[in-house]
Amino acid sequence: GKGEPSVKGKVVAAVEMGGTTSIVAVASAEDPTEIFDRLEIPTEDPEKTLGALAEWLDRKTFHALGVATFGPIDVKKGSKTYGFITNTPKTLFRNHDILSHFSRFPVPLAFDTDVNAPALSELAFGSLPGSPASAAYVTVGTGVGVGIVVNGSPVHGLMHPEAGHVPVARMEGDAYEGGCSFHGGRCAEGMASSASIAARAGIERSKLRELGDDDAVWDVEAFYLAQVCVSVALIASPEVIVFGGGVMKRKCLIGLVRKHFLELLNGYIGVEKVTKHVDQYIVLSKNDAAGLVGAVEIGRRALIESMT
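Per chain, residues are indexed from 1 in the order of the written sequence. Totals for whole chains, interfaces and linings use all residues, but because this is a predicted model, local features are given only for residues with pLDDT of at least 70 and pairs of side-chain atoms are given and counted only at 80 or more. Heavy atoms throughout the structure, all of them, feed into the side-chain values; hydrogens and water do not.

### A short note on the nonpolar core
At step 1: If you look at the biggest cluster of nonpolar residues, it comprises 45 residues, and the most contacted ones within it are Val-140, Tyr-224, Ile-241, Phe-243, Val-257, Phe-261 and Ile-282.
At step 2: By the criteria applied, helices consist of DSSP H or I runs no shorter than four residues and strands consist of E runs no shorter than two, each listed in order from the N terminus. Sorting elements by how many residues they give to this core places helix H5 (residues 217–235) first, with 13 residues.
At step 3: Two residues form a contact once any of their heavy atoms are found within 4.5 Å. Other than its neighbours up to four places away in sequence, Phe-243 contacts Val-138, Val-140, Leu-225, Cys-229, Met-248, Ile-254, Val-257, Ile-282, Val-283, Leu-284 and Ser-285.
At step 4: Formed by 26 residues, the second largest nonpolar core is a distinct cluster that contains Val-15, Ile-41, Leu-53 and Leu-57. The set of buried Ala, Val, Leu, Ile, Met, Phe, Trp, Tyr and Cys residues whose side-chain atoms join them within 4.5 Å is what this entry labels a nonpolar core. Note on exposure labels: buried denotes an accessible area under 20% of the residue type's maximum, exposed denotes more than 50%, and partly exposed covers the range between, all computed with a 1.4 Å probe on protein chains only.

Here it is in structure tokens:
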């Protein structure tokens, strides 16, 4: 941004923790998309995973660190559980102090969700149609997560957005009971995670990529994801909704999500970007590294804050 102190030659470290894999990297503070080096490991128990990530960083030189992780997390600075993963369905990580594993590094630290971070990087580096100042990022994989950035800043308030757990109406004829450990079949994650698609299709999750595009499960999936979009559009009113995550690699899905979104809204949002150009309102992320770059970006922001 204008008037920011120079970060020329500075390096930002980044950690992106997902439910399945975790990544640690070092990147340019001038251009967070320029990743110098990275390590990817499976997400196992907290001590093993975080220990390995921090050990990798021991051998690197960097000036700030951004940590983006699955949630729910405590992002309130000054809270006694700041830097913790809190009430997660992943029991090994419940109430775990994530940032304590990185406290030995004497650099500015930033902490946010693995969906707020990519929402930020999509806005900054994602070449989105119309250069918006606000965006929602929806990831669909083992879970459903939603990050929201408004006026260039990730939304933090009571906590952070957890719109993967918004209530959804059941699709007529959908017999799947739901898979969320908190809400069963009453929330989006319970009805639209990768496990729910596999269960409806009667296959193992690892076999999902073998399902044909013409399978009825994709339309069911899209119906629930469209309800997330409706909630997000009506409540937060972002200028664009960006989809990422493993499930969205299924090319036929995004069009079905747009179709259900328009049907559910039934003409209510009378804005041309929705009524005529919904393909520019609900878009696919073009960047597989959006989460990692987002973690670099929050680290870069912490660095600049520390210099001003």
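### Focus: the pairing of strand S3 (residues 35–42)
At step 1: Here, any two strands with at least 2 DSSP bridges between them count as paired. Direction of pairing for strand S2 (residues 21–28) relative to S3: antiparallel, over a ladder of seven bridges. Paired with Thr-21 across the strands is Pro-42, a residue of S3.
At step 2: Connecting S2 to the next strand, S3, in antiparallel fashion are six residues.

### Focus on the packing of helix H4 (residues 194–201) against H5
At step 1: To get an axis, a line is fitted to the C-alpha atoms, and for a helix only the part in contact is used. The angle between two axes follows their N-to-C directions and goes from 0 to 180 degrees. Interhelical geometry of H4 versus H5 gives an angle of 145° and a closest axis separation of 10 Å. Two packed elements cross with a definite hand, and for H4 against H5 that hand is right-handed. Of the residues in H5, those in contact with Ser-196, Ile-197, Arg-200 and Ala-201 of H4 are Val-217, Trp-218, Val-220, Glu-221 and Tyr-224.
At step 2: Polar here means any residue other than Ala, Val, Leu, Ile, Met, Phe, Trp, Tyr, Cys and Pro, which are nonpolar, and Asp, Glu, Lys and Arg, which are charged; Gly is therefore polar. Class assignment of the residues belonging to the contact of H4 with H5 gives a composition of six nonpolar, one polar and two charged. Take the far helix as your reference; a near helix turned counterclockwise from it by less than a right angle gives a left-handed crossing, and one turned clockwise gives a right-handed crossing.

### Details of the sheet that holds strand S7 (residues 109–113)
As a general point, the strands of a sheet are linked pairwise by backbone hydrogen bonds and lie either parallel or antiparallel.
At step 1: An order of S3-S2-S1-S4-S7 is seen for the five strands of this open sheet, with the pairing classed as mixed. Of all strands in the sheet, those bounded by a partner on one side alone are S3 and S7. Adjacent strand axes in the sheet meet at a mean angle of 15° when their direction is disregarded.
At step 2: Direction of pairing for strand S4 (residues 64–69) relative to S7: parallel, over a ladder of five bridges. When the bridges of S7 are listed, Thr-69 appears paired with Thr-113.
At step 3: With respect to the sheet, helix H1 (residues 46–58) is in contact with strand S1 (11–17), S2, S3 and S4, its orientation differing from that of S2 by roughly 20°.

### Points about a nonpolar patch on the surface
At step 1: Residues Leu-234, Ile-235 and Tyr-268 make up a contiguous nonpolar surface patch of roughly 410 Å² in combined accessible area.
At step 2: Within the secondary structure layout, Ile-235 lies in helix H5. Residues form patches when they are more than 30% accessible in relative terms and have no salt bridge. Like charges link within 9 Å. Nonpolar side chains (Val, Leu, Ile, Met, Phe, Trp, Tyr) link within 5 Å. Computed with the Shrake-Rupley method and a 1.4 Å probe, the accessible areas treat only the protein chains shown as cover for residues. Salt-bridge detection follows one rule: a side-chain nitrogen of Lys or Arg within 4 Å of a carboxyl oxygen of Asp or Glu.

### Examining the packing of helix H2 (residues 116–125) against helix H9 (residues 290–307)
At step 1: Where H2 meets H9, the closest approach of the two axes is 7 Å, and the angle between their N-to-C directions is 85°. Viewed along their axes, H2 and H9 adopt a mutual orientation that is roughly perpendicular. Note on element contacts: H9 touches H2 through Ala-290, Gly-291, Val-293, Gly-294, Ala-295, Glu-297, Ile-298 and Arg-301, opposite Ala-117, Pro-118, Leu-120, Ser-121, Glu-122 and Phe-125.
At step 2: Looking at the contact of H2 with H9 residue by residue, the class counts come to eight nonpolar, three polar and three charged. We call two directions roughly parallel when the angle between them is under 35 degrees, roughly antiparallel when it is over 145, roughly perpendicular when it lies between 65 and 115, and oblique otherwise.

### As for the side chain of Thr-88
At step 1: Within the secondary structure, Thr-88 sits in the loop between strand S5 (84–85) and strand S6 (96–97).
At step 2: In contact with Thr-88, other than residues within four places in its own chain, are Phe-70, Gly-71, Pro-72, Phe-93 and Arg-94.

### Brief notes about the pattern of salt bridges
At step 1: Scanning the model with the defined rule gives 12 salt bridges in all.
At step 2: Two residues, Lys-276 and Glu-272, come together in a salt bridge whose shortest N-O distance is 3.2 Å.
At step 3: Among the ionic pairs, Arg-300 bridges to Glu-297, the shortest N-O distance being 2.9 Å. Note that Arg-300 and Glu-297 are positioned in helix H9 at a spacing of three residues, about one turn of the helix.
At step 4: Since its relative accessible area comes to 13%, Arg-300 is described here as buried.
At step 5: Members of the salt-bridge network, linked through shared partners, are Glu-4, Glu-297, Arg-300 and Arg-301.

Just geometry here; none of it tells us what the structure is for.
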